[in-house]
Amino acid sequence: MRYKAIIFDLDGVICHTDQYHYMAWKRVADDLGIYFDETINNRLRGVSRMESFEIILERYDGKMSEEDKIRYTAEKNEVYKTLLKNMSPADLDGEIKETLDELREKGIKLAIGSSSKNAKFILGQLGLGEYFDAVSDGNNITRSKPDPEVFVKAAQYVGERPEHCLVVEDAKAGLEAAIAGGMDCAAVGDAVSCGLATWNLNTFSDLKNVISSEQ
Ligand code: BG6
Ligand code: MG
């Protein structure tokens, strides 16, 4: 079998936290009088918290100290974490859980590769706290996607070589990270239009067909 492990991005792949990120960033942007909309929010996908803030600050007149940047990103995270408390196992799509279970039954290792420092909390909220074989997230990396570090670490955690790993992503930065790490990637959602992925999925369960065709 070509793929021995699948590394899933979390936000936008396993769950949908875009709206929560948007609401939390919007609060900060409004406080600072910075224009911010959902199109700008889409540019934050896969990008670390601080890099996301730098993108928002592109429309800020003036210069902000590092201290203030830390304060505002911490503020955003507090709002975001409060919103995340609304998540529950009911937010886990049935198709996603069934697909994960079937892949696991085939003996494929399942890992998370997320830029988020809240990944473990989100997994817990979804009832997937102990589900994955490994979680590589924003807490164990020094460079964010499109750097491959988060996926390289995930592959190491499950003990598989990059060529035996498949990454599933909804963001261009994530596809670039997988490719830079020497891994195949499958695109879902908006990432399909990048044309960078090894596989384009119409729906999450298409992953089962990818795996069957590669057995
Ligand atoms: C990624 C999201 O998964 O995590 C980004 O797509 C986000 O939008 C990044 O900025 C960092 O998340 P957190 O939870 O550590 O602020
Ligand atoms: Mg994502």
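Coordinates for the structure precede this section.
Residues numbered from 1 in each chain as written. Chains lettered and ligands numbered in written order. Predicted model: local features only at pLDDT ≥ 70, side-chain atom pairs only at ≥ 80, totals over all residues. Heavy atoms only, no water.

Novice: When you look at the overall build of the protein chain in this model, what are you seeing that I'm missing?
Specialist: Per the secondary structure count, the protein chain includes nine helices and six strands. For a compact globule of 215 residues, the expected C-alpha radius of gyration is about 17 Å, and the protein chain comes in at 17 Å, within 12% of that figure. In terms of overall dimensions, the protein chain has a C-alpha envelope of 55 × 35 × 30 Å along the principal axes. A separation threshold of at least 6 residues defines the contact pool for the protein chain, and within that pool the share at least 24 residues apart is 63%. Charge centroids of the protein chain, computed over 26 positive and 37 negative side chains, lie 3 Å from each other. (Helix = DSSP H or I, 4+ residues; strand = E, 2+ residues; numbered from the N terminus. Rg over C-alpha atoms; globule rule 2.2 N^0.38 Å. Contact = heavy atoms within 4.5 Å. Lys, Arg positive; Asp, Glu negative; His and termini not counted. Charge placed at Lys NZ, Arg CZ, Asp CG, Glu CD.)

Novice: Which parts of the structure should I look at to understand the site of ligand 1?
Specialist: Near ligand 1 there are 15 residues, and of these D11, V47, S116, K117 and N118 occur at the shortest range. S52 is positioned with one of its side-chain polar atoms (N or O) 3.2 Å from an oxygen atom of ligand 1. Within the contact set of ligand 1, an oxygen atom lies 2.7 Å away from a backbone nitrogen or oxygen of K117. For ligand 1, whose unbound accessible area comes to 390 Å², protein coverage reaches 96%. For the shell around ligand 1, the residue count by class is three nonpolar, eight polar and four charged. (Near = heavy atom within 4 Å. Polar contact = N/O pair within 3.5 Å; in protein donor to acceptor, adjacent residues only side chain to side chain. Areas by Shrake-Rupley, 256 points an atom, 1.4 Å probe, with all protein chains shown as cover. Nonpolar A, V, L, I, M, F, W, Y, C, P; charged D, E, K, R; others polar.)

Novice: How do you make sense of the coordination of the magnesium ion (ligand 2) when you look at a structure like this?
Specialist: Six octahedral donors around a metal ideally make angles of 90 or 180 degrees; four tetrahedral donors ideally make 109.5 degrees. Distances from the magnesium ion (ligand 2) to its protein donors, D9 (OD), D11 (O) and D170 (OD), fall at 2.0 to 2.2 Å. Binding-site remark: the magnesium ion (ligand 2) is held by donors from one chain whose sequence spacing is D-x1-D-x158-D. Highlighted residues: D11 in the loop between β1 (5-8) and α1 (18-32) and D170 in the loop between β4 (165-169) and α8 (172-180), separated in sequence by 159 residues. On the accessibility criterion, D170 (7% relative accessible area) is buried. (Donors = N, O, S within 2.8 Å, 3.2 Å for Na, K, Ca; no water. Buried < 20%, exposed > 50% of the residue type's maximum accessible area, 1.4 Å probe, protein only.)

Novice: For this particular structure, what's the right way to read α1?
Specialist: For an α-helix, the turn length of 3.6 residues means that residues three or four places apart are oriented alike. Over its 15 residues, α1 extends 21 Å from the first C-alpha to the last, a length consistent with the 21 Å expected when each residue adds 1.5 Å. Among the residues of α1, those classed as buried are Y20, H21, Y22, A24, W25, V28, A29 and L32. (Expected span 1.5 Å × (residues − 1).)

Novice: Before we go on, may I ask you to explain the nonpolar core in this structure?
Specialist: In summary, soluble globular proteins display a tendency toward joint burial of nonpolar side chains. Judged by nonpolar contacts, the single largest core of 38 residues is most densely connected at F8, I14, L100, L110, F132 and V168. At the level of secondary structure, the elements contributing two or more residues to this core comprise β1, α1, α4 (66-84), α5 (94-105), β2 (109-113), α6 (119-125), β4 and α9 (206-213). Here this core takes four residues from α4, the largest share from any one element. Among the nonpolar cores identified, the runner-up in size contains 20 residues, and A111, V158, L175 and A177 belong to it. (Core = buried A, V, L, I, M, F, W, Y, C linked by side-chain atoms within 4.5 Å.)

Novice: For this particular structure, what's the right way to read the pairing of β1?
Specialist: On a regular strand, each side chain points to the face opposite its neighbour's, so the side chains alternate between the two faces of the sheet. Side chains A5 and I7 project from β1 onto one buried face, and the interleaved I6 and F8 project onto a second face that is buried too. Bridge count between β1 and β2: four bridges; the pairing is parallel. Within β2, the residue paired with I7 across the bridge is A111. (Pairing = 2+ DSSP bridges.)

Novice: Please explain the environment of F53 as it appears in this structure.
Specialist: Examined against the element boundaries, F53 turns out to sit in helix α3 (residues 49-56). On the basis of relative accessible area, F53 is assigned to the buried category, the value being 0%. With residues near it in sequence (within four places) discarded, F53 still touches W25, V28, L32, M64, K69, Y72 and T73.

Novice: Got a minute to help me understand the pattern of salt bridges in this structure?
Specialist: Where charged atoms from two side chains of opposite charge come close, those side chains can pair. Applying the stated criterion across every chain, the model contains 23 salt bridges. A salt bridge links D184 to R2; the shortest N-O distance between them is 2.3 Å. Highlighted residues: D184 in strand β5 (residues 184-187) and R2 in the segment before β1, separated in sequence by 182 residues. Each of D18, R45, D170 and D190 takes part in one network of salt bridges that share partners. (Salt bridge = Lys/Arg side-chain N within 4 Å of Asp/Glu carboxyl O.)

Novice: Explanation requested: the pairing of β2 in the structure shown.
Specialist: Across the five residues of β2, four count as buried, placing the element largely inside the fold. Direction of pairing for β2 relative to strand β3 (residues 134-136): parallel, over a ladder of three bridges. Residue pairing for β3: I112 is matched across the bridge by V135. Between the parallel elements β2 and β3, the chain passes through α6 in a crossover that is right-handed. (Right-handed = clockwise from strand over helix to strand, strands pointing away.)

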